[in-house]
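Residues per chain, in single letters:
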Amino acid sequence: MTTIKDALTGILGNVTDDEPKSPMHIGEVMNLWLYHGTLTEANRYVEIALNTTTDDELIVALKHSFEDCSKQVAKIEDLFKKEGISLPPTPTPKPRSNPDDVPLGVKLTDDEIANGLSLKVVSAITLCASGISQAIRSDIGTMWLNFLLARVKFGAMLNSLMRKRGWIKVPPYYYSSKRSE
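The rules we used
Residues numbered from 1 in each chain as written. Predicted model: local features only at pLDDT ≥ 70, side-chain atom pairs only at ≥ 80, totals over all residues. Heavy atoms only, no water. Helix = DSSP H or I, 4+ residues; strand = E, 2+ residues; numbered from the N terminus. Buried < 20%, exposed > 50% of the residue type's maximum accessible area, 1.4 Å probe, protein only. Contact = heavy atoms within 4.5 Å. Areas by Shrake-Rupley, 256 points an atom, 1.4 Å probe, with all protein chains shown as cover. 1 Å grid on protein atoms, 1.4 Å probe; cavity = no way out; pocket = protein on both sides within 12 Å on 5 of 7 lines; lining within 4 Å. Points joined across faces, edges and corners; volume = space filled by probe spheres on them. Nonpolar A, V, L, I, M, F, W, Y, C, P; charged D, E, K, R; others polar. Salt bridge = Lys/Arg side-chain N within 4 Å of Asp/Glu carboxyl O. Core = buried A, V, L, I, M, F, W, Y, C linked by side-chain atoms within 4.5 Å. Expected span 1.5 Å × (residues − 1). pLDDT = per-residue confidence, 0-100.

Asks: In this structure, what is going on with the overall build of the protein chain? I would like to understand it.
Replies: Secondary structure assignment for the protein chain yields five helices and zero strands. Scanning the protein chain from its N terminus toward the C terminus, one meets helices and strands in the order α-α-α-α-α. The buried share of the protein chain, taken over its 181 residues, is 37%. Sequence separation of at least 24 residues holds for 82% of the intrachain contacts in the protein chain that already meet a minimum separation of 6. Of the accessible surface of the protein chain, which amounts to about 11000 Å², a share of 60% is contributed by carbon and sulfur atoms.

Written out as structure tokens, the structure is:
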């Protein structure tokens, strides 16, 4: 069975196969720079979180996010190298440490870790949507679509874990004073 992602990627791929590649415009470059920075910052956060948590399911989610972000960063870096665009500066990776050695006043709770990661996913999804809307080159649009779908898929997995554990932050419910009966 064909997935929506496969169908959209196939359609865009067919359109772009014979299309001449113009240079990337400044918006395409800027969006990818911002997204690259967002992903590398998210991975530094994940490294810190892995040094803090001992929750097995949260560790699996963090590692999944790290792998997804690393793959997307590599794709952006490959594209930038091919296009002759300098790579953005990135923070250095954090060394691995034992979560039991982190002092309690510094240690993030699992709730804080999950919600922080959730905010990073929301930010990434927003940047993907912006990147898609501004992409002129079809290959760049296809890249953004794949990035978006990967982050949405991960976000759904994280949402499920957060609901299961009671970590999700729900705003107050709104009840209209003008309810229809």
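Asks: How do you make sense of empty space enclosed by the protein when you look at a structure like this?
Replies: In this approach a probe as big as a water molecule rolls over the atoms, and the regions it shows empty are the leftover space. Summed over the entire model, instances satisfying the criterion amount to one cavity of 30 Å³ or more. By volume, the largest cavity amounts to about 30 Å³. Lining the largest cavity are Thr38, Leu39, Ala42, Ser65, Cys69, Leu117, Lys120, Val121, Ala124 and Arg151. Elements supplying a minimum of two residues to the lining of the largest cavity: α2 (26–50), α3 (56–83) and α4 (110–134). With four residues, α4 is the largest single contributor of residues to the lining of the largest cavity. In terms of residue class, the lining of the largest cavity is made up of six nonpolar, two polar and two charged.

Asks: When you look at the pattern of salt bridges in this model, what are you seeing that I'm missing?
Replies: If the charged atoms of two oppositely charged side chains come close together, the side chains can form a pair. The tally for this structure, following the rule as stated, stands at eight salt bridges. Salt bridges sharing common partners tie together Asp55, Glu57, Lys164 and Arg165.

Asks: Hey, could you run me through the nonpolar core in this one?
Replies: If you look at soluble globular proteins, the nonpolar side chains tend to sit buried side by side. Within the largest apolar cluster, 19 residues are counted, with the highest numbers of intra-cluster contacts made by Met24, Leu32, Tyr35, Phe80, Trp144 and Phe147. Secondary structure elements with two or more residues in this core: α2, α3, α4 and α5 (138–165). Those residues in contact with Leu32 that lie beyond four places of it in its chain are Met24, Ile76, Leu79, Phe80, Ile140, Met143, Trp144 and Phe147. Listed in part, the 17 residues of the second largest apolar core include Val46, Phe154, Leu158 and Leu161.

Asks: I'm lost on α2 in this one. Help?
Replies: An α-helix turns once per 3.6 residues; consequently, residues spaced three or four apart project the same way. With 25 residues, α2 extends 36 Å from end C-alpha to end C-alpha; this agrees with the ideal 36 Å at 1.5 Å per step. With respect to burial, α2 is a largely interior element, 18 of its 25 residues being buried.

Asks: Could you clarify how one ought to interpret the confidence of the model for the protein chain in this entry?
Replies: Confidence in the prediction for the protein chain averages 91 pLDDT; 88% of positions are at 70 or higher. Looking across the protein chain, the model is least confident in helix α1 (residues 4–16), with a mean pLDDT of 60, and most confident in α3, with 98.

Asks: I'm lost on the side chain of Thr52 in this one. Help?
Replies: Among the secondary structure elements, Thr52 is positioned in the loop between α2 and α3. The buried category is assigned to Thr52, whose relative accessible area is 6%. Other than its neighbours up to four places away in sequence, Thr52 contacts Pro99, Lys107, Leu108 and Ile113.

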